[in-house]
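Structural features, examined
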Amino acid sequence: MASEEELFANIDALLEEEPQLPPPAERARLREAAGITQARLAQALKSSVQTVKNYENGRSEPKSPRLEAYQRLLKGWAARYPAHGTPAAPAPVAAPQPAPVPDTFTGPAVSEQAETAAPVQAPAAPAAPERPARSAGRPATSSRRPAARKASAPAVDPRFPHGPLAVLDGDGSAYAVGGVVLDCPATTVVELVEWTLRESRLGAPKLNRYGKDSDPLIVLTAAAAVKLGLPERLEGHEQRRSLRLPQDHPVVKQVAKAKWQLTQLGFGPWARIYRKAQGRDRQCVQLAMLSWDALDERSWPGVAEMEPADIARVLGVYATRVITPRGSTAVSGLELMTALRPPTKAVQDPATGNWVSGYNPGSLGTEPMDPAPPEATPEHPVVVNSGWTGGFLNEEAYQWVRDVDTLSDEECTLPWAVGLDLNTAFLAAAARLVVGLSAPDHFHAPAFNPKIPGSWLADVSHIELDPRLPSPFTPDGSRPTGPAWYQTHTLAYAQELGYDVHPIEAYLRRETGAYLDPWHDRLKNAYVDTLADMGVTRDLSDAEFLAAMEHHKEKDPALAAVLAAIKATVKGGVGKLRERPQGKHYKEGETWPALSRPTWRPDIRAAVISKARVNMHRKLRNMADMTGLYPLAVLSDCVVYPSPGTSPLDFLPYAASGKPQPGGFRLGPTPGLAKLEGVQQMLWAVDLMEKGLNPARHIKGGDAVLDEGE
């Protein structure tokens, strides 16, 4: 018989083992018995609602120290709500596990049992295959590996049943969308690329009938990068400066030896590895290195620190609603334009009858186009080589602060300064925006036509407007001092105000089209749908909308990150239309890589920003006419007003019926409508204005208080 000392030693050994949690179904039962919502539990664990759902359906397990905290909570609930005191639960084997919430996150989860029991009227798409069997020697479970599960809802495209991407961890688990976990046996980058193309069944269908399927994306955690022979971080001065591996790095040599190629950007945070296409099949894989800062914190807040399954969820929603990420959100925004408006399509050669690649009407084509000199940047070869000295377009977003001397006593006695932010103002401006598709032609003394996109040299310095409003013709809101170059929308607004416009010269484009319309539509739907999944829907009243926006980011940090990425995609994509040279070795007059793209179109960027600024001024003017209120400051898409209360409802104009007055700022979740940006005391705003600082930049908080010691 064992001695007491041996028994106690065995018990102590068990106590020292990693804490074990009750079965997933029991976790959910205990939480429901305690009357705690998943959202409240997620807040207590400093996690997301989706992560709690994963804990309760067995798709993932918490890691230390969250594991110990969760176990302590469940033990406490188990003592208060024992299983025998509640209706008997079904045996674990028979209990149906809820299917993962779909990428759109709308509607309740449906169990697999319900899916098979309820007949579907429409023909069902092929279901995703079951999870691949594990390779020999692999452990049966992992602390973060979800339990084995059947395939979820049928894939939209049977070629890509596992979705557009996967997040690869160091143990070989590749976390795809919808809770699917694939086993990746690759130990080198070359093996990973070949596994992705041959076995993973990852990818996404093209967004336009004339386009191309999206290449599969593999996101590497730090552990996965090290396992594949990559450094955990880029080290050394040269690597930090160039943000890529040197050509003599073993992995780069390995890729070349296997007859794979890297793009000109090399092996950096976003690396494309490819071979020339064989027939219609592309051979390209996109890699993203989390520990090399592939996901910028400003565009993807908090995502790099999430668990792999949650990263896959965030990127999967973005890929489904926007595009499979292909680099920064700015790069993705620009490539989304091309994916939705492919430059070529198949056309029939009338001479031979053969189908050949031809121009796709409405696109920007395959060849880059030189801008007109006033549309270019000062270092552009068109400017330097021609000796152009005629000035440039200055179509930028507002950065304006009102002169404090124009403040009335009545305004100064109002207690609050309230900031309004327009939802994705650049995206709203892109709707039905007609831009030039052909090269610019030069005209002298043309008659102004508001329907022709282009750049016009005109003098609007004689136009007098209320000094309590910014000028609509300049980004800083100052009155023009003489002739200057303007985009069509800016001069069209001068006509709208009742002034004659007599251009001196112009660069105009004969072929035009609403190139950005599909880009606008897709991003608008992505923005509105994501907000709706966060509880901010279009059917809310203004008061309900403000209340929902106050806490919408706390409900689901993953969706909050998706929303931030969508907004960054809009601004970054517009900015990429006029990407400037980088690097200290650049010399004026030289070309730079961005100029080789058909999408280097500073005139389109100018059109978007011009229309957005005009839209802002129109609302400012209508607000003044309807309410007598004038703004304190404007910064891009944020405007600050003096207010008698802390809510926009205290000063926005409403009709007797309770509906918002048309023409002014309106609250709502769609692009172009407004939301509350922040509230500060009026004295604070005036103090900033006297110092030459912009209250709209600081109204949100954080650095809003400038007192000593804050």
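Only a predicted model underlies this, so the values are computations on that prediction, with no experimental measurement involved. (Residues numbered from 1 in each chain as written. Predicted model: local features only at pLDDT ≥ 70, side-chain atom pairs only at ≥ 80, totals over all residues. Heavy atoms only, no water.)

A closer look at the overall build of the chain
Going by this rule: To qualify as a helix, a DSSP run of H or I must reach at least 4 residues; to qualify as a strand, a run of E must reach at least 2; elements of each kind are numbered from the N terminus. Partly exposed residues are those whose accessible area sits between 20% and 50% of the maximum for their type, while under 20% is buried and over 50% is exposed, using a 1.4 Å probe and protein chains only. Whether two residues touch is decided by their heavy atoms; if any such pair falls within 4.5 Å, the residues are in contact. Only the protein chains shown count as covering a residue, and every accessible area follows the Shrake-Rupley method with a 1.4 Å probe.
Looking only at helices and strands, one finds 22 helices and 20 strands in the chain. Residues counted as buried form 49% of the 710 residues belonging to the chain. At a minimum sequence separation of 6, the contacts of the chain that also span at least 24 residues come to 70%. About 34,700 Å² of surface is accessible on the chain, with carbon and sulfur atoms providing 52% of the total.

What about the sheet that holds strand E11 (residues 416–422)?
Rules: In this scheme, strands are said to pair when DSSP sees at least two bridges between them. Between the N-to-C directions of two axes lies an angle of 0 to 180 degrees, each axis being a line fitted to C-alpha atoms and, for a helix, fitted only over the stretch in contact.
Spatially, E10-E18-E19-E11-E20 is the arrangement adopted by the 5 strands of the open sheet, whose pairing is antiparallel. What marks the edges here is a single partner per strand, and that holds for strand E10 (399–401) and strand E20 (674–681). Across the sheet, the mean angle from the axis of one strand to that of its neighbour is 20°, orientation sign disregarded. Here helix H21 (residues 682–690) sits on the sheet and contacts E10, E11, strand E19 (638–643) and E20; the angle it forms with E20, its principal contact strand, is near 85°.

Topic: the side chain of Glu505
Quick note on the threshold: Under the rule applied, a polar contact is a pair of N or O atoms within 3.5 Å (in protein, one hydrogen donor and one hydrogen acceptor; residues adjacent in sequence only if both atoms are side-chain atoms).
Assignment of secondary structure puts Glu505 in strand E16 (residues 505–508). Side-chain polar atoms of Glu505 contact the side chain of His442, separated by 2.5 Å. Excluding residues that lie within four positions of it along the chain, Glu505 makes contacts with His442, Phe443, His444, Ala445, Pro446, Ser455, Trp456, Leu457 and Trp485.

As for the sheet that holds strand E7 (residues 281–289)
The strand order E3-E2-E1-E4-E7-E6-E5 describes an open sheet built from 7 strands, whose pairing is mixed. A single partner strand is all that each edge strand has here, and the edge strands are strand E3 (181–183) and strand E5 (261–262). Examined bridge by bridge, strand E6 (residues 270–278) and E7 share 7 bridges and lie antiparallel to one another. When the bridges of E7 are listed, Ala271 appears paired with Leu287.

Examining the nonpolar core
Note the following rule: Only buried residues count toward a nonpolar core. Its members are Ala, Val, Leu, Ile, Met, Phe, Trp, Tyr and Cys residues joined through side-chain atoms within 4.5 Å.
Formed by 88 residues in total, the largest nonpolar core has its most connected members in Leu516, Trp519 and Phe665. Contacts of Leu516, omitting those with residues within four sequence positions, involve Met337, Ala430, Leu433, Ile604 and Val608. Ranked by size, the runner-up nonpolar core spans 33 residues in total, among them Val189, Val193, Val285 and Met289.

What to know about the packing of aromatic side chains
Two aromatic rings, taken as a pair, are described by how far apart their centres are and by the angle between their planes. Definition in use: Here the aromatic set is Phe, Tyr and Trp, taking the six-membered ring for Trp, and pairing holds for ring centres within 6.5 Å; pairs whose planes are under 30 degrees apart are stacked, those over 60 apart are edge-to-face, and all others are tilted. Cation placement over rings: the criterion is NZ of Lys or CZ of Arg within 6 Å of the ring centroid and within 35° of the ring normal.
Enumeration according to the criterion identifies 12 aromatic pairs in this entry. When the centroid spacing of 6.2 Å and the interplanar angle of 50° are considered together, the rings of Trp388 and Trp485 count as tilted. Taken together, the residues span a long stretch of sequence, with Trp388 in the loop between helix H13 (381–386) and E10 and Trp485 in strand E15 (residues 484–487) at a distance of 97 residues. Exposure remark for Trp485: the relative accessible area of 3% places this residue in the buried category. Through pairs of rings, three or more aromatic residues link up here, namely Trp388, Trp485 and Tyr507. Positioned above the aromatic ring of Trp260 is the side chain of Arg275, whose terminal nitrogen or guanidinium carbon lies 3.9 Å from the ring centre. Taking the ring centre of Tyr630 as reference, the NZ or CZ of Arg468 above it sits at 3.9 Å.

Observations concerning the pattern of salt bridges
Applicable threshold: Any Lys or Arg side-chain nitrogen located within 4 Å of an Asp or Glu carboxyl oxygen qualifies as a salt bridge.
Summed over the entire model, instances satisfying the criterion amount to 29 salt bridges. One salt bridge connects Asp157 with Arg159, and the closest N-O pair in it is separated by 2.8 Å. For Asp157, a relative accessible area of 14% corresponds to the buried category. Assessed through its relative accessible area of 43%, Arg159 is described here as partly exposed. With its nearest N and O atoms 3.9 Å apart, the salt bridge here joins Lys571 to Asp637. Here Lys571, found in helix H19 (residues 557–576), pairs with Asp637, found in the loop between strand E18 (633–635) and E19; they are 66 residues apart in sequence, far enough to count as distant. A residue is classified by how much of its surface remains accessible, and Lys571, at 45% relative accessible area, is partly exposed. Its relative accessible area of 12% is what places Asp637 among the buried residues.

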